[in-house]
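Here is what each chain is made of, one letter per residue.
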Amino acid sequence: MLGGAPGLSGRWERLEPRPRAGRMLRQVFHAGLRTSFHALGRFVAGHAVFFASAPVLLAILLGASFSRYRVEGDVESLLAPKHSLAKIEGNLVESLFPVNRSKHALYSDLQTPGRYGRVIITARRGSMLDPVHLDTILQLHRRIYQMQVTVPAATAGSSGFNYSFSYLCLPDDKNVCIVDDIIRAMEEIQSARTSNRSVPVLHYPITQLADGRQAYIGHQLGGVQGWGPGGAVRPPGTGAKGEGVRSAKAVQLTYYLQSRSGLMDRVAGRWEKAFCAELKFFGASHPKLGLYPSTSSSLRTDFQFSSVLARRPLLASLGVCGVLAILCCSMRDCVRSKPWLGMLALLSVALSGLTAAGILNLTGATYNSTYLGIPFVMLGHGLFGSFEMLSSWRRTREDQHVKERVASVFEDVMLRFSGSTVIHLMTLGLAASPLTNMEAVRLFCRNATLAITISYIYMLSFYSSCLVFTGYLETRYRHGCFCRRVPKPDRLDSKPAWYRCLMYTRYQDETQSTNPPHMPNPNLTHMTNSSGVHGHMANSIQTHSPHHTHSTTTADPHPQDCHLLLGCVRHCYGDWITNTYVKPFVVLLYLVYISFGLMGFLQVTQGSDPSALVATDTATVLYTRAQHRYFSSYSPVIGFYIYESAPYWNASVQRDLLEYAKGFQRISWLEAYLSYLSDRNQSTSQPRENFTRTLRHFFLHEPQFAHFADDIIFAERGQGEEPDVAASRIFLVAKTTENKREEMSVLLDTLRRLSLTSRVRFLIFNPSFVYLDRYVTAVSSPLRHSLLAVLFLLGLSSLVVVEPLVSLWLGLTLLSVQFGVLGFMTLWGVEMDCVSVLCLITALGHSADCSGPLLCGFASGRGDSRTRWVRLALERHGVPSLQTLVCYSAALVPICAVRSNLTRTLFRCLTLTAGCSALHTLAFLPTLLTFLPPSKSRDHRPGGEGQRQEVECVEMNDSTRVVDQITTV
C-alpha cells in the first residue's frame, strides 16, 4: 500500500534502513523460534489437564521400579581411572605372580586379594612390645584364628557348616595359614620370656627371624623408636636397618582369605563381618587398646553410607527450599500472588527425578553416593525456569485470555530456558561420553543429562499446566492460596482489618481507571502486513522500547502490590549498583575476586585418596588416620617386576639392577643370591648354566632363602638344559615424609621413565598406583572437554543469536565463574577429586542459568542509555535469578550437617558456585555492561535504528482512499 505513495516511500527507507543479510537471517530465525514457542504455549494451555496429569502418572509408574534398586559394589572402578597403565600392569603382575600361589610371606600393602581382614592395634600407654600388650595381641590373634562363621543350609548345601579362618586362609607350602611376620616375631619374644631366655632383638624395618629369614615389618610395626649408636634413643620412624627396636606404638595385622568361587566369596564376606564384630567386642573388654579394623568391603560400605546419612538432610533441604519458594512467589495482592506455584515447581523437579530414577532402575543401572549432587543440579535449573515463567506472566496484560498470556510467556521465556538447557546437556553430555576416563564422573553426567532432559520436558508440560490453572484462578479473582473468590472493595469495607488485609486485591476496572493497559493499534498491524515488510519492526516496537513493554514495567500506580524483591531491585538496588560512585568499588571487587581465584588456582592439589570421599567417623576414615599417624614413615611396598628373561649372570646387568634398587629398603632375591655366592667364595659372574643350577638346587633349598621361590619363575629350555629365569620380582620400600601420595606419584613417574631406557624390561606396581596413575588427567579431562564444548556452542550460537556479543559475554562469564569456583574451593581446602570436578562441570550450566537472561535482556534493548537497560534487565531477569539463588543456597544448608567428606565437598563446591554466579549476575555484569559493549545506539545516522524509539500510527482519510502514515514521535 505504501509503495504507491512516492512521498512516503523515501521516508520509509529513512526510518527502516536495509539490515545486513547476516543480521536479517538471525532475526528471521529468532522470530521463527519465538513463533514456534508461542504456538506451543497455546497448545499446552489448550490441553492443560492432559499435560498436568501425564507426568504424574508416568512418574508413579516408573517409580514403582525401585524394587530393582541396586548399589554399585566395585568402588575401585568408580574412583580409579578406567583406562590406565597401572591397571594393565596390575593384570600382568597377577598373571605372573598370583597371590593365591604365594606360599610364603605376603606384604599387606602390595597384594590386595578379593577378601581380607586388617586391624591396627595401638596402645593408650606404653609400647606394644611390652609383655602385657604383646600377650594381648597374641590372644587376639588366636581368637581370630579360631573364630568360626556359620553358613545356613540354603547357602552351604544340604546342611549348615562352620567355617574357620584355617579353612578360608591362604596356605603355605606346609599347608599352614600364611600370617604376618610380626606374629612370628612376637611368638619368638613371648617364648623367650617364658623360658627365661634372652629376648631376640627386633630390628626395623627389616628384621631376622629365628629360621634365619629376613622379613620386612615396616608396615606391621608403627611408631617405632629405635636404639641409636651408644644407646641413644631415636625418634619414631627413624630406626635404620640393623638397629634394635626400643618401643612401638602400633601393630598392624592382616588376614588373607580365599575367594575362589561364589560360595567361598559369600563365606568370606560373612567372615569379614564377624571379624569386625569380634574386634568391637574385644576392644570393649580391653579399653587400654585402640582397635581400627578394615576389610575389603569397608571402603564400599563407607562410601555408600553417605547416601544413608544424607536422606533426612535432603528432605530438610526440600522443605526449606519449598518454604522459600512459596515466599518468593507470594505478593500482597492475594489474587495475583501464586504461592502454590513455588511448591508446584519443586513438585515438578521431584517428579522428573522420580521418572529419571525409574528409567535407570529399568535399564539395570546401579547407584552410588556421587548421585547426591543430581537433585541440586535439577533444583537449580528447574527453579530458574519456574521463576522466569512467573516473572514473565506478571508482565503480561491482564485483559488477555489465559491461553494468550501463557503463549506470551512461552514466547518470552522458553527460548532462553531452552538455550540454558542446551548448555547443561552439552556440558554433561560430553562429560558422559567415552572420552571420560573416570567412571564416577561419566555415570554422574550420564544420569544428570537424563534428569535435566526430563526436568525440561516436565517444566514445559506439568509446570506450564499449573500456570494455566492458577491463571484461571486469577482471572476469576480467586484467592491465590485458598482458591476462594475475593469480594469487591465495597463489600470488604464492612469486614475486619485482618480480613481486608488477607483479601486485598486490585480489580481490573480499578486498574484501568488509573493506568489503562497498552492496546496495540490495529492499523499498525494492518500497515505492516499489507506492506510486506519483515515483522521484526513490530517486535522492535514492543521489545526494544522501554516505554511500550507491559504496563507494570513503567509507572506502577500500586507500588505496594509489587513483589518485595522486585520493589527492592527497582527502587533501591538498581539505582545503587549503577551509581557512578559505586562502579569503581565493584571493579575493584572483581579484581580482588580474580586475584584470590588465581591464588587458589596455583595451589590446586589432586585428591586421589578414595578415603576422602567416605562418611566421616567410619571404619575407613579411622583406619586411614591411624595408618597415616603410625605407618607413614615408609612408602607402600613397591613390586619391581622383571617380566622378560634377562641375563642375570651378566655383571653389568647385576650392577644395573643393584643401582636401580639403591636408596630403597629392599627384599631382593638377587641381592641375597649374590651375597650367598660371595660368602662361598664363588664368582657372581658365572655361565648361565652354573648360575641357574646353583640358584635352583642350592640357594632356594636353604631354609632362610626358601621364601624367594615365590619371586622367581623358571622356563624350561629343552631336554637336559637348565631352565631360564623367565620372570622375577624384588620388593622396594622408600622412605617418605608427610606428603606420601605426592611422593609416590613422583616415584612412579621416575621409575617408569627409567624403565623406558633400561635394557632390562621391568615394571613397577602397587595397588595404590591404580588411583595415582594419570589421576589428574583423568579427573580434569571431562572438565576441559565440557568447557571447550560450551565455548564452541556459544561461538556457533553467535551465528544465530540476534546480538552476537551475548555469546561472547556469556562465554567470558562462564570462564570467570569457573575460574573463581576452582580457586576459592582450593583455598577452602577442597582437593581436585571426582566430586569437585562434577561440581565444576555443573557450575557451567548453573552460571548460564543465572547470567544468560540478564545478558539477553540487556543486549535486546535499543535506544536510551546503558544504565536504563541495565536497570530494566535487573528488574526482569535479575529478580528471578536472585530468587533461584536464595532458594538454591537455602537448600544447601542442611547438607553441611551430614558427617561425610563427600557431602562436605559437595556443599562447599555448590555453595561457591551459587556465590560466584550471584556476584556475576547481580554485581559484576550490571556494572561492566554500563561502559562496555554492546552499544545501545550503534547507528547515529538520521533515521537510523538508534533513533527509532517510539512509533505511533495515524489514520488519514481523503476523498478517495484511506492512507496509513507512519510518523516518528
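In this text the structure is predicted, and so the values were computed from the model without any measurement. (Residues numbered from 1 in each chain as written. Predicted model: local features only at pLDDT ≥ 70, side-chain atom pairs only at ≥ 80, totals over all residues. Heavy atoms only, no water.)

Some remarks on the UniProt feature "transmembrane region" (unreviewed entry) in the protein chain
Part 1: The UniProt feature table records "transmembrane region" (unreviewed entry) at residues 43–64, 340–360, 372–393, 413–436, 448–469, 783–802 and 808–830.
Part 2: Span residues 43–64 is 91% helix and 0% strand, its end C-alpha atoms 30 Å apart.
Part 3: A helix fraction of 87% and a strand fraction of 0% characterise residues 808–830, whose end C-alpha atoms lie 30 Å from each other. (UniProt positions renumbered as here; feature names shortened; annotations may be inferred. Helix = DSSP H or I, 4+ residues; strand = E, 2+ residues; numbered from the N terminus.)

Remarks on the packing of aromatic side chains
Each aromatic ring pair is summarised here by two numbers: the centre-to-centre distance and the angle between the ring planes.
Part 1: Taken as a whole, this structure holds 34 aromatic pairs when the rule is applied.
Part 2: Judged by centre distance (5.8 Å) and plane angle (65°), the rings of Tyr204 and Tyr634 are edge-to-face. You can see Tyr204 sitting in the loop between α9 (181–194) and β4 (206–208) and its partner Tyr634 sitting in the loop between α24 (619–630) and β11 (638–642), a full 430 residues away along the chain. Tyr634 shares its class with Tyr204; the two are buried.
Part 3: Look at Tyr590 and Phe924: their rings are 4.9 Å apart centre to centre, the planes differ by 75°, and that puts the pair in the edge-to-face class. (Phe/Tyr/Trp six-rings, centres within 6.5 Å; stacked < 30°, edge-to-face > 60°. Buried < 20%, exposed > 50% of the residue type's maximum accessible area, 1.4 Å probe, protein only.)

Quick word on the sheet that holds strand β10 (residues 289–295)
Part 1: On the basis of which strands lie adjacent, the open sheet formed by four strands has the order β6-β9-β1-β10 and antiparallel pairing. Because the sheet does not close on itself, it has two edges, and the strands there are β6 (221–222) and β10.
Part 2: Running over the sheet, helix α6 (residues 131–146) touches β1 (115–123), β9 (250–257) and β10 and is turned about 15° from β9. (Pairing = 2+ DSSP bridges. Contact = heavy atoms within 4.5 Å. Axes fitted to C-alpha atoms, helices over the stretch in contact; angles between N-to-C directions.)

Structural notes on a nonpolar patch on the surface
Part 1: Together, Val587, Leu588, Leu591, Val592, Phe596, Met599, Leu827, Phe931 and Leu932 give the surface a local cluster of nonpolar side chains, amounting to about 720 Å² of exposed area.
Part 2: Relative to the helices and strands, Leu588 resides in helix α23 (residues 583–601). (Patch = residues over 30% accessible without salt bridge, like charges linked within 9 Å, V, L, I, M, F, W, Y side chains within 5 Å. Areas by Shrake-Rupley, 256 points an atom, 1.4 Å probe, with all protein chains shown as cover. Salt bridge = Lys/Arg side-chain N within 4 Å of Asp/Glu carboxyl O.)

Observations concerning the state of the cysteines
Part 1: Throughout the structure, instances matching the rule amount to one disulfide.
Part 2: Here Cys169 engages in a disulfide with Cys177; their sulfurs sit 1.9 Å apart. In this structure the cystine formed by Cys169 and Cys177 twists about its S-S bond by roughly -75°; its chirality is therefore left-handed. Residues Cys169 and Cys177 agree in their burial class; the two are buried.
Part 3: Not part of a disulfide, Cys481 finds its nearest cysteine sulfur in Cys483, a span of 7.7 Å.
Part 4: Among the residues examined, Cys481 registers a relative accessible area of 28% and is labelled partly exposed.
Part 5: Counting only cysteine sulfurs, Cys572 is the nearest neighbor of Cys568, a cysteine outside any disulfide, at a range of 5.7 Å.
Part 6: For Cys568, a relative accessible area of 35% gives the class partly exposed. (Disulfide = S-S within 2.5 Å.)

Thoughts on helix α5 (residues 85–96)
Part 1: Under the 1.5 Å per step criterion, the end-to-end length of α5 is 17 Å for twelve residues, consistent within 8% with the ideal 16 Å.
Part 2: Where α5 is concerned, the buried positions are Ala86, Glu89, Gly90 and Val93. Burial along α5 is one-sided: seen end-on, the buried residues are contained in an arc of 105°. Facing away from the buried side of α5 by over 90 degrees, the exposed positions are Ile88 and Asn91. (Expected span 1.5 Å × (residues − 1). Arc of directions from axis to C-beta.)

Concerning helix α31 (residues 805–827)
Part 1: Compared with an ideal rise of 1.5 Å per residue, which puts 23 residues at 33 Å, α31 spans 33 Å between its outermost C-alpha atoms and is within 8% of the ideal.
Part 2: Looking one or two residues past α31, Gly829 carries a phi angle of roughly 90°, positive in sign.

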